[in-house]
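Given next are the chains, with one letter for each unit.
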Amino acid sequence: MSGTRSFLIASTAEQTDLQLDSQGNLRHLLTMHNLEQQHITMLLDKAETYLSDIGKKPVRSTTLQGRTVASLFFEPSTRTRTSFELAAHRLGADFLNLNVNTSSRRKGESLLDTVYTLQAMQVDVLIVRDAQTGVPAYIANHANEFISVLNAGESTIAHPTQALLDLLTIRQQKKDFEKLTVAIIGDIKHSRVARSTSEALVTMGAPDIRLICPESLTPEKGTLPSQAKILHNVRDGISNADVIMPLRIQRERIENLADIPTVDQYYANYGLKSSHMSLAAPDAIVMHPGPMNRGIEIESKLADSAASVIQEQVKNGVAVRMAVLAAVIKSLNYKDSK
Ligand code: ASP
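Keep in mind the model is a prediction, meaning the values are calculated, not measured.

Student: Quick rundown of the sheet that holds strand 9 (residues 285-286)? Include the residues and the values.
Tutor: If you trace the five strands from one edge of the open sheet to the other, you get 7-6-5-8-9, paired in parallel fashion. Two strands lie at the open edges of the sheet, namely strand 7 (229-231) and strand 9, each paired on one side alone. Two strands pair when backbone bridges link them, and strand 8 (residues 243-246) and strand 9 are joined in this way by two bridges, in the parallel orientation. Paired with Ile244 across the bridge in strand 9 is Val286. Helix 7 (residues 192-203) contacts strand 5 (181-185), strand 6 (208-212) and strand 8 of the sheet and is inclined by roughly 170° relative to strand 6.

This is the structure in structure tokens:
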């Protein structure tokens, strides 16, 4: 397996074919690429039913009672892994968190042997994060028909549940995707969030998506939706924007760190600050997928300001992951007698 573009393009087509079953229901969640509006809307509507106010008991259901959900994370995660775990528990599933530092993949077991082991233990849903392109689709392609695979972050390529929680957060604040101007600022070249969220925004009809980055972090042509504009100036990029989302520099994916701006240069030229907000639309919201580096991609007080919906994103993350788990379990329902 390689991380080259040619592998990726083959893999994207493959993912699109794999993720729906013959009736058009969500079988795996691998990519936002070509996931139709009706599926996105169905997942957002379902996620809304799982929301309750902070301070009240979280919504629970028995939709996944008797099921087992396992997380296989070969890259670090805080929000995604914990919110999937909470989502599975709140739906009544058993949750198995594979500790990859001690798992057999470290001891040389192949990825597929690990998958086959979990399969033999009758795991129903595998949540996968990996630094290599194509891993979630590869697993979905090789696992048996009783397993659903959810992509929880794939290299620089895809992070579909992040896109869904971003869209839910935007929909709560803005209602109409078809009138939106969205500015995503940062390491666009290496960000799977920029990719998946802009793909989903295009599908929902957002007419003006701006991806703003330093020249050295410009994505390769053809790796993001053609409708999105690449810009290099923050002030131009956020002019009249309704939604602004700064991103972290993905240092772990950059071979030569000397090619990117220093932290001070970056904050001066690309850090989103309160002083920028007068350029944006009057009721603009500020989002961030986390982990957030205060004082680098975002001014600390802006992250805590009334414009910030960063905590709503986190809350919505649990609801969206419950919705995705509930949707894929439906496509596995035929094995109830298991
Ligand atoms: N948490 C997001 C991801 O996994 C964003 C980031 O790491 O910067 O891609």
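Student: Explain the site of the ligand residue by residue, including any values.
Tutor: Close to the ligand lie Arg129, His159, Arg192, Val193, Arg248, Gln250, Gly290 and Pro291, which account for all nearby residues. Within the side chain of Arg192, a nitrogen or oxygen atom sits 2.8 Å from an oxygen atom of the ligand. Within the side chain of Arg248, a nitrogen or oxygen atom sits 2.8 Å from an oxygen atom of the ligand. Each residue belonging to the shell around the ligand can be placed in one class, and the counts come to two nonpolar, three polar and three charged.

Student: Could you give an account of the environment of Gln162, naming the residues involved and the relevant values?
Tutor: For Gln162, the location among the structural elements is in helix 6 (residues 160-174). Separated by 10 residues in sequence, Gln162 and Ala152 have C-alpha atoms that sit 8.2 Å apart. Excluding its chain neighbours within four sequence positions, the residues that come into contact with Gln162 are Val193, Thr197, Pro289, Gln313 and Arg321.

Student: Account for the side chain of Ser155, with residues named and values stated.
Tutor: By the secondary structure assignment, Ser155 is in the loop between strand 4 (148-154) and helix 6. Apart from residues no more than four positions distant in its own chain, Ser155 is found in contact with Asp130, Ala131, Gln132, Thr133, Arg192 and Arg253.

Student: I'd like a rundown of the sheet that holds strand 1 (residues 68-73), residues and numbers included.
Tutor: One open sheet accounts for four strands, arranged 2-1-3-4; its pairing is parallel. Two strands lie at the open edges of the sheet, namely strand 2 (94-98) and strand 4, each paired on one side alone. Across this sheet, the average inter-strand angle for adjacent strands is 15°, counted without regard to direction. The pairing of strand 1 with strand 2 spans five bridges and is classified as parallel. If you follow Thr68 over to strand 2, its bridge partner there is Asp94. Against the sheet, helix 3 (residues 79-90) touches strand 1, strand 2, strand 3 (125-130) and strand 4, its axis set at about 160° to strand 2.

Student: Give me the lowdown on the nonpolar core, citing residues and values where you can.
Tutor: Nonpolar side chains in soluble globular proteins tend to end up buried together. Judged by nonpolar contacts, the single largest core of 85 residues is most densely connected at Ile40, Val69, Ile127, Leu150, Leu164, Ile244 and Leu325. Broken down by element, the residue count for this core peaks at 12 residues, all from helix 11 (residues 310-331). Setting aside residues no more than four positions away along its own chain, Val69 makes contact with Leu64, Ala88, Ala93, Asp94, Phe95, Leu96, Val125, Ile127 and Leu325.

Student: Any details on the pattern of salt bridges? Residues and values, ideally.
Tutor: Summed over the entire model, instances satisfying the criterion amount to 14 salt bridges. Among the salt bridges present, the one from Asp208 reaches Arg210, with a minimum N-O distance of 2.9 Å. Comparing Asp208 with Arg210 shows no difference in burial state: the two are buried. Among the charged side chains, a network of salt bridges with common partners joins Glu75, Arg192, Arg248, Glu252 and Arg253.

How each quantity is defined
Residues numbered from 1 in each chain as written. Predicted model: local features only at pLDDT ≥ 70, side-chain atom pairs only at ≥ 80, totals over all residues. Heavy atoms only, no water. Pairing = 2+ DSSP bridges. Helix = DSSP H or I, 4+ residues; strand = E, 2+ residues; numbered from the N terminus. Contact = heavy atoms within 4.5 Å. Axes fitted to C-alpha atoms, helices over the stretch in contact; angles between N-to-C directions. Near = heavy atom within 4 Å. Polar contact = N/O pair within 3.5 Å; in protein donor to acceptor, adjacent residues only side chain to side chain. Nonpolar A, V, L, I, M, F, W, Y, C, P; charged D, E, K, R; others polar. Core = buried A, V, L, I, M, F, W, Y, C linked by side-chain atoms within 4.5 Å. Buried < 20%, exposed > 50% of the residue type's maximum accessible area, 1.4 Å probe, protein only. Salt bridge = Lys/Arg side-chain N within 4 Å of Asp/Glu carboxyl O.

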